[in-house]
Amino acid sequence: MLKEKVFAQLKTAMKEKDALAKGVLTLLKSALDKEEKEKGAQLTEEEEIAIVNREIKQTNQALDGAKQANREDLIEKEENKLAILKGFLPKQLSEEEIVAVLTEAGVTKGMNMGEAMKIAKPLLAGKADGATMSKVVKSLIS
C-alpha cells in the first residue's frame, strides 16, 4: 500500500535530515491517515492516488502563486515538493496514449463533455491528471 511506502520514505528523510522531504511526506501521511480514519476502513489504491493527486493540485496552485509573485525561493521549493509527490503516482499516460484509450472506449465527436468524462475518469484514474484528461476529451469530442 502507498501508506507504507510513504512511511518508509519519511523514516529515510528523517534519518538523512531532509527537511523538505520530511515536511511533504508528513503532510501526505497525515492526509492518508485522516481519510482512512474518516472512512473507518483501509483506503483502496484509487483512493490513495486521489489523495496524492489532491496534494499535487494544491502544490501546483502554490507554485502558480509563487511564479506570479516572482519568488524564486518558493518556486524551487514547490517544484521539489511536486517531484516528491509525483513519485507516488503510477506512470502517467501521454496524450497519445489517452487518445487511444478513450477512442477505444467509445468517446467520439459530438458527445457532450459530461458523458465523455464519465467514461474517461474510471479508465484513467491515477494514470492521467484531470487537466490533461479534460484537454484530450475536449479535442476528441469537438
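Notes on the structure follow. (Residues numbered from 1 in each chain as written. Predicted model: local features only at pLDDT ≥ 70, side-chain atom pairs only at ≥ 80, totals over all residues. Heavy atoms only, no water.)

Considerations on the overall build of the protein chain
Okay, step 1: The number of helices and strands found in the protein chain is 7 helices and 0 strands.
Okay, step 2: Start at the N end of the protein chain and walk to the C end: the helices and strands fall as α-α-α-α-α-α-α.
Okay, step 3: Among the 142 residues that make up the protein chain, the fraction classed as buried is 33%.
Okay, step 4: Long-range pairs, those at least 24 residues apart, make up 57% of the contacts in the protein chain with a sequence separation of at least 6.
Okay, step 5: Accessible surface computed for the protein chain: about 8,800 Å², of which carbon and sulfur atoms make up 54%.
Okay, step 6: Averaging the coordinates of the 24 positive side-chain charges in the protein chain and doing the same for the 24 negative ones gives two points 3 Å apart. (Helix = DSSP H or I, 4+ residues; strand = E, 2+ residues; numbered from the N terminus. Buried < 20%, exposed > 50% of the residue type's maximum accessible area, 1.4 Å probe, protein only. Contact = heavy atoms within 4.5 Å. Areas by Shrake-Rupley, 256 points an atom, 1.4 Å probe, with all protein chains shown as cover. Lys, Arg positive; Asp, Glu negative; His and termini not counted. Charge placed at Lys NZ, Arg CZ, Asp CG, Glu CD.)

Quick word on helix 2 (residues 19–39)
Okay, step 1: Here helix 2 is 21 residues long and its end C-alpha atoms lie 30 Å apart, about the 30 Å a rise of 1.5 Å per residue gives.
Okay, step 2: The complete set of buried residues in helix 2 reads A21, V24, L25, L28, K29, A31, L32 and E36. Within helix 2, the buried residues cover an arc of 155 degrees as seen down the axis, which keeps them to one side. Facing away from the buried side of helix 2 by over 90 degrees, the exposed positions are A19, K34, K37 and E38. (Expected span 1.5 Å × (residues − 1). Arc of directions from axis to C-beta.)

So, the packing of helix 6 (residues 113–124) against helix 7 (residues 130–141)
Okay, step 1: Interhelical geometry of helix 6 versus helix 7 gives an angle of 135 degrees and a closest axis separation of 10 Å. Judged on the interaxial angle alone, helix 7 and helix 6 are oblique. Seen along the crossing, helix 6 lies across helix 7 with a hand that is right-handed. Together, M113, A116, M117, A120, K121 and L124 of helix 6 and M133, S134, V137, K138 and I141 of helix 7 make up the contact between the two elements.
Okay, step 2: Considering only residue class, the contact of helix 6 with helix 7 consists of 8 nonpolar, 1 polar and 2 charged. (Axes fitted to C-alpha atoms, helices over the stretch in contact; angles between N-to-C directions. Parallel < 35°, antiparallel > 145°, perpendicular 65-115°, else oblique. Left-handed = near helix turned anticlockwise from the far one by under 90°. Nonpolar A, V, L, I, M, F, W, Y, C, P; charged D, E, K, R; others polar.)

Digging into unusual backbone geometry
Glycine aside, residues mostly have negative phi angles, and peptide bonds mostly take the trans form.
Okay, step 1: The phi dihedral of K17 is positive, around 55 degrees, even though this residue is not glycine.
Okay, step 2: Within the secondary structure, K17 sits in the loop between helix 1 (2–15) and helix 2.
Okay, step 3: Phi angles above zero are rare outside glycine, and N70 is one such case at about 55 degrees.
Okay, step 4: Mapped onto the fold, N70 is located in the loop between helix 3 (45–68) and helix 4 (72–86).

What to know about the packing of helix 2 against helix 3
Okay, step 1: The geometry of helix 2 relative to helix 3 is characterised by a closest axis approach of 10 Å and an angle of 135 degrees between their N-to-C directions. As judged from the angle between their axes, helix 2 and helix 3 are oblique. Helix-helix and strand crossings are classified by hand; for helix 2 and helix 3 the assignment is right-handed. Contacts between helix 2 and helix 3 involve L28, A31, L32, E35 and K39 from the first element and E47, E48, I51, V52, R54 and E55 from the second.
Okay, step 2: Its residues assigned to classes, the contact of helix 2 with helix 3 shows 5 nonpolar, no polar and 6 charged.

With respect to the side chain of S134
Okay, step 1: Among the structural elements, S134 can be located in helix 7.
Okay, step 2: Accessibility expressed as a relative area gives 18% for S134, which makes it buried.

Quick word on helix 3
Okay, step 1: Its 24 residues give helix 3 an end-to-end C-alpha distance of 35 Å, which sits within 8% of 34 Å, the value for a rise of 1.5 Å per residue.
Okay, step 2: The complete set of buried residues in helix 3 reads E48, I49, I51, V52, E55, I56, T59, L63 and A66.
Okay, step 3: Close packing links the buried residues of helix 3 with helix 1, helix 2 and helix 4.
Okay, step 4: Backbone geometry just downstream of helix 3 places N70 in the positive-phi region, at approximately 55 degrees.

These values are about where atoms sit, not about what they do.
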